[in-house]
Structure formats: structure tokens, C-alpha cells
Amino acid sequence: MYLDLNEEQRLIQETARDFAASVLAPAAAALDRGGEQEAYFAHLHQLAELGFMGLNVKEEYGGSEAGVVAFSVALTEIARACASTAVTVSVNNMVCEVIQSIGNEEQRRKYIPKICSGQYRAGAFALTETGAGSDPAGMTTSAVADGDSWVLNGSKIFITSAPYAGVFVVWAVTDREAPKGKGISCFLVEAGTPGLIIGKAEEKMGQHASATNEVVFNDCRIPGEALMGKLNDGFRIAVAELAGGRIGIGSLGLGVGLAAMDCATAYALARSQFGQKISSFQAIQWKIADAYTELEGARLLLMQAAFKKEQGKPFAKEASMAKLFATESANRACYEAVQILGGYGYTRDYPVERYARDARITTIYEGTSEIQRLIVSREILRGFA
């Protein structure tokens with residue numbers, strides 16, 4: 001693999017970096033405190049206009065067709081400024097990709113351009129349930145055929161962008177007699193459909209600007225053509241798309257970790273104790289060296305996973321390795337950054353306390369670190385067997 005970015009990828013990275021620094025970063029603290037939601041929506045629309053909502057989507061559907069590596073580096077730059085914005089960009093890209101991958105031509109042309117252009121502020125990925133988190137095959141939300149329609153009943157939790165999503169990709173059980181994971185199908189449900197209810201908003205530790213809600217389906221009737229892909233083949237699709245989503249969340253984690261260490265390193269160069277800059281102390285130097293080394297390792301793992309996906313090669317193990325290492329490294333980097341700043345790191349005077357809160361969820365959503373270890377070990381053991 002050639003590790004340097006090509007001209008297009010570098011341009012996308014630079015565009016994301018400039019936008020993040022000039023637009024996202026100045027507003028991030030206010031967004032974190034629960035204000036400026038219209039500004040948040042404006043940022044999402046601007047990112048759509050710049051082509052960031054469909055980076056691995058074909059141009060004919062309104063995407064940028066820039067590939068997975070470009071998606072990874074762009075998301076890292078966006079997350080360095082605002083993790084809440086980055087997670088919405090990541091999910092929007094994932095929704096567009098799943099529709100492109102398994103949707104029919106009518107579904108692709110109807111929904112993907114609306115997300116890529118910003119006509120829809122967001123798309124939503126509705127998979128997780130109260131009793132089906134790390135084990136999505138255990139979902140109970142059902143879809144029952146009724147004439148030329150489907151009727152959905154059940155609920156999903158932790159759905160990113162639910163209040164302002166234009167379309168939901170929803171998984172539901174369509175054959176209760178099938179073996180676990182075999183009778184699940186995938187549907188497209190438009191916002192405003194009767195019986196689709198946006199439920200409780202979660203009060204989260206971090207990433208406050210990004211909405212996370214329960215979604216309830218109460219006799220929600222959708223047309224027969226809302227089925228996406230093959231009947232009872234939805235679980236396989238979900239697993240495949242989650243692997244790609246892990247590259248996004250790993251890239252997000254990397255961006256937050258880098259932002260935290262950049263802030264801490266600049267502080268160490270300015271802060272004096274015992275008559276000298278604290279950057280001259282070995283204890284601080286080693287924290288800086290260890291954190292940046294781990295984050296660079298994370299970047300390389302993410303690049304490998306992104307490159308393999310872009311080339312159409314198997315990438316699930318690499319995506320899990322990258323997500324595991326990047327998000328765990330990001331959490332360590334954020335807590336080391338807080339430690340370097342000392343008491344100031346625990347206050348809102350500096351952004352590292354926000355970075356630490358924003359990074360924490362990255363080891364949980366899109367598959368916990370424990371699930372990533374299961375996937376990696378399973379693939380390694382399978383190779384030996």
C-alpha cells in the first residue's frame with residue numbers, strides 16, 4: 001500500500017481541515033452546552049454542499065465518489081473540531097452507502113441525493129434495541145406483510161439524528177420461525193410516516209449537539225416497495241455495513257485524540273513550573289511521545305482498513321482492529337491531555353474536558369471494544385483452523 005494521499009484525497013483533507021478550523025471549532029463549545037442548534041444544522045448543510053455527505057457514493061446519485069480513504073481522513077479533520085458534527089457525517093455516509101449497496105435504482109435516486117445535497121439534514125441507521133445491542137440478531141421489532149404494505153411494530157434506541165432525519169434505514173424481523181439472524185429484513189421509512197414516533201432524547205455524557213433518541217414504531221404502515229434488498233437477508237447487510245461504519249468511528253476517535261494532544265502539547269510549551277516550561281520534564285515528554293505514537297499507529301490501521309475496503313477486498317478484521325485501537329488510543333490520549341493540563345484540564349476553560357467526554361462513546365458505539373476483540377480473535381483463529 002502506498003501511504004501518501006493522492007491529490008484528490010489531499011484536497012479533501014485540506015478542505016475538511018480548513019472548514020473545521022474556521023467554522024466548526026469556534027462554535028463547538030457553544031454547541032456542547034446545548035445552544036446554537038440552527039448553527040449546527042447550517043454546518044451540516046455546508047458540509048453537504050462541500051460534498052462530505054457521500055464521499056464513497058457515486059456521482060450519479062449526488063455523491064463525491066472520492067473513496068473510503070478520503071472519507072476517513074475527512075472525518076478525522078472534522079472530529080478534531082467537533083465530534084458531534086463528525087458523527088452525523090459518519091452516519092449520513094453509512095446510510096447513503098447501504099442504500100447504494102442494496103437499494104434498487106428507484107430507492108437510490110429517491111433518497112441518496114437528498115442526503116448528499118443536504119435536502120435531508122440527516123439519514124438515520126435504526127438497528128439497536130434495548131435487548132439487542134451487541135447482539136443485533138436478537139432484535140424483536142417486527143414487520144408483518146399486510147396486502148401490499150408492511151406494518152412495523154417495536155422500538156429502537158440510541159438512534160443518531162432521529163429528530164431531524166429525513167429517512168430511516170430500519171431492520172425488523174420478517175420471519176419469526178427462521179433461525180436467529182436469518183429472518184430479518186431491511187426497510188426504508190420516511191420521516192413523518194404515521195406510526196413512526198421519535199421518543200425520548202438521551203441525556204448524554206458527550207457529543208451533546210448530536211441528537212440521540214429512541215424511535216418507536218406503532219402500527220407504522222409502509223409501502224411494499226420500502227423493502228430494501230432481499231427479504232430475510234437484512235442481518236447480513238447490517239453486519240457488512242457496521243464493518244464500514246467502524247472505519248468512520250475509528251477516524252472520529254483519532255481526530256478527537258489528536259485535538260486533545262495538540263491542545264495539551266501547546267499548553268506544555270507555554271506553562272511554567274519550578275522555573276521552567278513543563279514540556280522540559282521527562283514525565284510530560286513521555287506522555288506526549290506515547291500518545292502521538294499510539295495515534296499514528298491508529299492512523300495507519302485506519303488507512304489499511306479504508307484502503308482494503310476501497311479496493312473491494314475483505315476488510316472486516318482490519319476495520320475492527322482499527323476501530324479498537326483508534327478509539328482506545330483516543331481515550332488514553334484525552335485523559336493524558338487532561339492530566340497534562342492539571343486542574344485546568346478539568347474545567348471548561350480548555351476544550352480537553354470536552355474531548356475526553358466526546359471520546360468516551362467511541363469505544364462503545366458501532367460495536368464495543370469487547371465486540372471488536374471477539375471479531376478480531378475469531379478471524380485470526382479461523383485463519384489458523
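Residues numbered from 1 in each chain as written. Predicted model: local features only at pLDDT ≥ 70, side-chain atom pairs only at ≥ 80, totals over all residues. Heavy atoms only, no water.

A closer look at the overall build of the chain
Formally: In this text, helices come from DSSP runs of H or I with a minimum length of four residues, and strands from runs of E with a minimum of two, each type numbered from the N-terminal end. Within these notes, the globule rule equals 2.2 Å times the number of residues to the 0.38 power, and the radius of gyration is based on C-alpha atoms. Under the scheme applied here, a residue whose accessible area is under 20% of the maximum for its type counts as buried, over 50% as exposed, and between as partly exposed, the area being computed with a 1.4 Å probe on protein chains only. Between two residues, a contact is recorded if the distance between any of their heavy atoms is within 4.5 Å. Working definition of accessibility: Shrake-Rupley area with a 1.4 Å probe, residue cover restricted to the visible protein chains. Charge counting follows a simple rule: Lys and Arg are positive, Asp and Glu are negative, and His as well as the terminal groups are ignored. For charged residues, the charge sits on one atom: NZ in Lys, CZ in Arg, CG in Asp, CD in Glu.
Within the chain one finds 10 helices and 10 strands. Expected size for 385 residues packed as a compact globule is a radius of gyration near 21 Å; at 21 Å, the chain falls within 12% of this value. Summarising its shape, the C-alpha atoms of the chain cover approximately 80 × 55 × 40 Å along the three principal directions. The burial tally for the chain puts 54% of its 385 residues in the buried class. In the chain, the share of contacts with a sequence separation of at least 24, taken over all contacts with a separation of at least 6, comes to 74%. A total of about 16700 Å² of accessible surface is found on the chain, and carbon and sulfur atoms cover 53% of it. Distance from the positive charge centre (37 side chains) to the negative charge centre (44 side chains) of the chain: 4 Å.

A look at the packing of helix α3 (residues 68–81) against helix α6 (residues 234–270)
Here is the rule: Convention adopted: a line fitted to C-alpha atoms gives each axis, helices being fitted over their contacting stretch, and angles between N-to-C directions are expressed from 0 to 180 degrees. Small angles under 35 degrees read as roughly parallel and large ones over 145 as roughly antiparallel, with 65 to 115 read as roughly perpendicular and the rest as oblique. Note on convention: the crossing is left-handed when the near helix lies turned anticlockwise from the far helix by less than a right angle, right-handed when the turn is clockwise. Amino acids are sorted into nonpolar (Ala, Val, Leu, Ile, Met, Phe, Trp, Tyr, Cys and Pro), charged (Asp, Glu, Lys and Arg) and polar (every other residue, Gly among them).
Packing of α3 against α6 brings their axes to within 7 Å, and their N-to-C directions diverge by 40°. The orientation of α3 with respect to α6, classified from their angle, is oblique. Both α3 and α6 take part in a crossing whose hand is right-handed. Contact residues: V68, F71, S72, L75, T76, A79 and R80 in α3; I247, G248, S251, L252, L254, G255, V256, L258, A259 and D262 in α6. Classifying every residue of the contact of α3 with α6 gives 10 nonpolar, five polar and two charged.

A short note on the nonpolar core
Operational definition: Definition of nonpolar core: a set of buried residues of the types Ala, Val, Leu, Ile, Met, Phe, Trp, Tyr and Cys, connected through side-chain atoms within 4.5 Å.
Counting 76 residues, the largest nonpolar core has L252, V256, M261 and I340 as its most contacted members. Of all the secondary-structure elements, those providing two or more residues to this core are α1 (7–32), α2 (37–49), α3, α4 (83–102), α6, α7 (282–310), α8 (316–341) and α9 (352–360). Once residues lying within four places of it in the same chain are set aside, the contact partners of I340 are M261, A264, Y267, A268, I278, I284, K287 and I288. Residues V57, Y61, I99 and V173 belong to the second largest nonpolar core, which totals 29 residues.

Examining the UniProt feature "domain: Acyl-CoA dehydrogenase/oxidase N-terminal" (unreviewed entry) in the chain
Rule in force here: UniProt positions are given in the numbering used here, feature names are shortened, and annotations may be inferred rather than shown by experiment.
Feature annotation in UniProt places "domain: Acyl-CoA dehydrogenase/oxidase N-terminal" (unreviewed entry) on residues 6–119, given in this structure's numbering. End-to-end, the C-alpha atoms of residues 6–119 are 30 Å apart, and along that stretch the chain is 75% helix and 0% strand.

A closer look at the pattern of salt bridges
As a reminder, the rule being used: When a carboxyl oxygen of Asp or Glu lies within 4 Å of a side-chain nitrogen of Lys or Arg, that pair is called a salt bridge.
Taken as a whole, this structure holds 21 salt bridges when the rule is applied. Of the charged contacts in the structure, one is a salt bridge between R357 and D32, with a shortest N-O distance of 2.8 Å. Within this pair, whereas R357 is found in helix α9, its partner D32 is found in helix α1, the two being separated by 325 residues in sequence. Exposure remark for D32: the relative accessible area of 8% places this residue in the buried category. Ionic pairing is found between K200 and E202, a salt bridge with its closest N-O pair at 2.9 Å. Given a relative accessible area of 23%, E202 falls into the partly exposed group. Each of R17, E77, R80 and D262 takes part in one network of salt bridges that share partners.

Some thoughts on the packing of aromatic side chains
Using the following cut-off: Classification of ring pairs rests on two measures: the distance between centres of Phe, Tyr or Trp rings, Trp counted by its six-membered ring, which must be within 6.5 Å, and the angle between planes, read as stacked under 30 degrees, edge-to-face over 60 and tilted in between.
For the structure shown, the criterion picks out nine aromatic pairs. When the centroid spacing of 6.2 Å and the interplanar angle of 50° are considered together, the rings of Y40 and F41 count as tilted. The exposure classification of Y40 matches that of F41, with both residues buried. Residues F274 and F281 carry aromatic rings whose centres are separated by 6.3 Å and whose planes lie at 75° to one another, so their mutual orientation is edge-to-face. Classification of F274 by relative accessible area gives exposed; the value is 76%.

What to know about the pairing of strand β4 (residues 165–173)
Defined as follows: The pairing criterion for strands is at least two bridges between them, as found by DSSP.
Across the nine residues of β4, nine count as buried, placing the element largely inside the fold. Pairing geometry for strand β1 (residues 122–126) and β4, over five bridges, is parallel. Counterpart to F125 in the pairing with β4 is V169. Summarising the sheet, β4 and strand β5 (residues 184–190) pair through seven bridges and their orientation is antiparallel. Across the sheet, the residue bridging to F168 is V189, located in β5.

Considering α2
Selection criterion: Helix span, as expected, comes to 1.5 Å for every residue beyond the first. Here the arc refers to the set of directions running from the helix axis out to each C-beta atom.
With 13 residues, α2 should cover 18 Å at 1.5 Å per step; its first-to-last C-alpha distance of 19 Å lies within 8% of that length. When α2 is considered as a whole, its buried residues turn out to be Y40, F41, H43, L44, L47 and A48. Buried residues of α2 fall within an arc of 155° about the axis and therefore sit on the same side. Among the exposed residues of α2, those oriented more than 90 degrees off its buried face are E38 and E49. G51, located one to two residues past α2, shows a positive phi value of around 95°.

Here we look at the domain arrangement of the chain
For clarity, the cut-off: Domains are outlined according to an automatic or database domain assignment. Values labelled buried area give the accessible surface lost by two parts on being combined, using a 1.4 Å probe and summing over both.
Here the chain is partitioned into domain 1 (7–121), domain 2 (124–234) and domain 3 (241–384). Placing the centre of domain 1 and that of domain 3 at their C-alpha centroids yields a distance of 21 Å. Taken together, the contact between domain 1 and domain 3 spans 26 residues of the former and 26 residues of the latter. Taken over both partners, the interface formed by domain 1 and domain 3 buries close to 2100 Å², and the fraction arising from carbon and sulfur atoms is 59%. For the domain 1 face of the interface with domain 3, the top three residues by lost area are V68, R80 and M94, together amounting to 27%. Run the count over domain 1 and domain 3 and you get three salt bridges.

A look at the packing of α6 against α8
Any two packed helices are characterised by the angle at which their axes cross and by the distance between the axes. Taken N-terminus to C-terminus, the directions of α6 and α8 make an angle of 20°; their axes are 8 Å apart at the nearest point. When the axis of α6 is compared with that of α8, the two are roughly parallel. Here α6 runs over α8; the crossing is left-handed. In terms of residue class, the contact of α6 with α8 is made up of 18 nonpolar, five polar and two charged.

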